[in-house]
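What follows is each chain in one-letter form.
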Amino acid sequence: MDASDRELQQYLFDLQGYLAIQNVLKPAEVAELNRLIDAQQLPSPRESIRFGSAAGKHGPDHGFLNWGEPFCRLLDHEAIMPILRLRLGDCFRLDRLYGIRMHKGQTMGSMHADYGASALNSFARPGERFHFAPSGIYEGFVVAAWSLADAGPAHGGFWCIPGSHKSNFKLPRQIHEAPEKASCVVIPEIPAGSVVLFTEAVMHGTAPWGADHERRTLLYKYCVSHMAWSQARVLAPPDVPLTPRQHALLTEPADPHTFVPSLFSDGPGVKRA
């Protein structure tokens, strides 16, 4: 991908709050990841939608990273690292991860944002302007959601309100209660093997799953190196070897460059392989 394409990706991510990159993984790679998931003999999504969780509310664990090298390969995949660098800088870390499986007719949670006017901790009132603090960090978390099955308007899955990460007003009740009726809500086309990157500050959620096939999505959640969402950490998998850069993504929160070196070979400070 040349510089002009990267410039376009940066612009679209900043404008929309999300970026869908289609067909990143080859069919054989998708099949291998699905085979490894099948080997876990997980309970039905009717019993548990999430699987392979680590950190966040799930406590310290290695999650699905220990199910095989293909899951670890996605940690620093060449398709996502330049975009993460644009949003998070040279020094960032994997904060938490989990997978999602859904069967036809299932729903999952409500549309939400973890930062900005609609965040639960903003205490913004409906209709009143929310003022972003000039020194505050509202987009310090970016999610890479890898789709292992076709998703999109005809199926369901990820949906969001593009540009809402810059909104100065709380999400109106009408949209929160019935996002499927709101014209501002979009469900991007996400073929199997594609990845969606989105900031946790954009209004997002999961549209009801309407496809006959099972939804399968792997979510890797990254943040700037000196931040963490919870006290729990993603642990290195005991049975799968990691590269130095993959190990660096699992470090404890710390000041960038002072205690955390650049993840990129052309970055300042100590170089990573």
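Just above sits the structure.
These figures come from a predicted structure and were not determined experimentally. (Residues numbered from 1 in each chain as written. Predicted model: local features only at pLDDT ≥ 70, side-chain atom pairs only at ≥ 80, totals over all residues. Heavy atoms only, no water.)

### Observations concerning the packing of aromatic side chains
Step number 1: Per the stated rule, a full pass over the model turns up 10 aromatic pairs.
Step number 2: Seen in terms of ring centroids, Phe-51 and Phe-64 are 6.4 Å apart; in terms of plane orientation they differ by 50 degrees. Their pairing is tilted. With Phe-51 in strand β2 (residues 50-54) and Phe-64 in the loop between β2 and α3 (69-73), the pair connects residues that are 13 residues apart, well separated along the chain.
Step number 3: We classify Phe-64 as buried; its relative accessible area is 0%.
Step number 4: Ring centres of Phe-92 and Phe-264 lie 6.2 Å apart, and the angle between their planes is 55 degrees; this geometry places the pair in the tilted category. Of this pair, Phe-92 sits in strand β3 (residues 92-102) while Phe-264 sits in the segment after α6 (244-248); the two residues are 172 residues apart in sequence, bridging distant segments of the chain.
Step number 5: Taken together, the aromatic side chains of Phe-51, Phe-64, Trp-67, Phe-71 and Tyr-220 make up a single cluster linked through ring pairs.
Step number 6: Directly above the aromatic system of Trp-229 lies the positively charged group of Arg-96, at a separation of 4.3 Å from the ring centroid. (Phe/Tyr/Trp six-rings, centres within 6.5 Å; stacked < 30°, edge-to-face > 60°. Helix = DSSP H or I, 4+ residues; strand = E, 2+ residues; numbered from the N terminus. Buried < 20%, exposed > 50% of the residue type's maximum accessible area, 1.4 Å probe, protein only. Lys NZ or Arg CZ within 6 Å of the ring centre and 35° of its normal.)

### Structural notes on helix α2 (residues 27-38)
Step number 1: Under the 1.5 Å per step criterion, the end-to-end length of α2 is 16 Å for 12 residues, consistent within 8% with the ideal 16 Å.
Step number 2: If you check which residues of α2 are buried, you get Val-30, Leu-33, Asn-34, Leu-36 and Ile-37. Burial along α2 is one-sided: seen end-on, the buried residues are contained in an arc of 160 degrees. Summarising the geometry of α2, the exposed residues directed more than 90 degrees from the buried face are Pro-27 and Ala-28.
Step number 3: Along its buried surface, α2 packs onto β2, α3 and β9 (215-224). (Expected span 1.5 Å × (residues − 1). Arc of directions from axis to C-beta. Contact = heavy atoms within 4.5 Å.)

### Focus on helix α4 (residues 81-88)
Step number 1: Buried within α4 are the following residues: Met-81, Ile-83, Leu-84 and Leu-88. Looking straight down α4, one finds that the buried residues subtend no more than 160 degrees of arc, so they occupy a single side.
Step number 2: Immediately downstream of α4, the backbone of Gly-89 shows phi near 90 degrees, a positive value.

### Re the sheet that holds strand β4 (residues 108-112)
Step number 1: The strand order across the open sheet built from three strands is β4-β8-β6, with neighbouring strands paired in antiparallel fashion. Of all strands in the sheet, those bounded by a partner on one side alone are β4 and β6 (157-160). Shown here is a sheet whose adjacent strand axes are inclined to one another by a mean of 40 degrees, direction ignored.
Step number 2: Here β6 runs beside strand β8 (residues 204-207); their pairing, made up of four bridges, is antiparallel. (Pairing = 2+ DSSP bridges. Axes fitted to C-alpha atoms, helices over the stretch in contact; angles between N-to-C directions.)

### Some thoughts on the sheet that holds β3
Step number 1: Strands sit in the order β1-β7-β5-β9-β3-β2 across an open sheet of six strands; the sheet is antiparallel. Across the chains shown, the open sheet's two edge strands, defined by having one partner strand only, are β1 (18-21) and β2. Looking at each pair of strands side by side, their axes are set apart by 15 degrees on average, direction ignored.
Step number 2: In this sheet, strand β7 (residues 195-199) lies alongside strand β5 (residues 141-147) in antiparallel orientation, the contact comprising five bridges.

### What about the pattern of salt bridges?
Step number 1: Scanning the entire structure with this criterion turns up 18 salt bridges.
Step number 2: In this structure, Arg-73 and Glu-29 form a salt bridge, with 3.8 Å as the shortest nitrogen-oxygen distance. Of this pair, Arg-73 sits in helix α3 while Glu-29 sits in helix α2, and the two are 44 residues apart along the sequence.
Step number 3: Arg-73 sits in the partly exposed class, given a relative accessible area of 35%.
Step number 4: A salt bridge links Arg-96 to Asp-95; the nearest nitrogen and oxygen atoms lie 2.6 Å apart. Like Arg-96, the residue Asp-95 is buried in the burial classification. (Salt bridge = Lys/Arg side-chain N within 4 Å of Asp/Glu carboxyl O.)

### Overview of the nonpolar core
Step number 1: Within the largest apolar cluster, 52 residues are counted, with the highest numbers of intra-cluster contacts made by Trp-146, Leu-197, Leu-218, Tyr-220 and Tyr-222.
Step number 2: Considering each element in turn, this core owes the most residues, five residues, to β9.
Step number 3: The next biggest cluster of nonpolar side chains, apart from the first, holds 18 residues, and it includes Tyr-98, Cys-160, Val-196 and Ala-211. (Core = buried A, V, L, I, M, F, W, Y, C linked by side-chain atoms within 4.5 Å.)

### Focus on the environment of Leu-148
Step number 1: Along the polypeptide, Leu-148 turns up in the loop between β5 and β6.
Step number 2: Residue Leu-148 is classed as buried on the basis of its relative accessible area of 4%.
Step number 3: Distance in space between the C-alpha atoms of Leu-148 and Glu-78 is 18 Å, their sequence separation being 70 residues.
Step number 4: Beyond its immediate stretch of four places on either side in the chain, Leu-148 contacts Val-30, Leu-33, Asn-34, Ile-37, Ala-192, Arg-216 and Leu-218.

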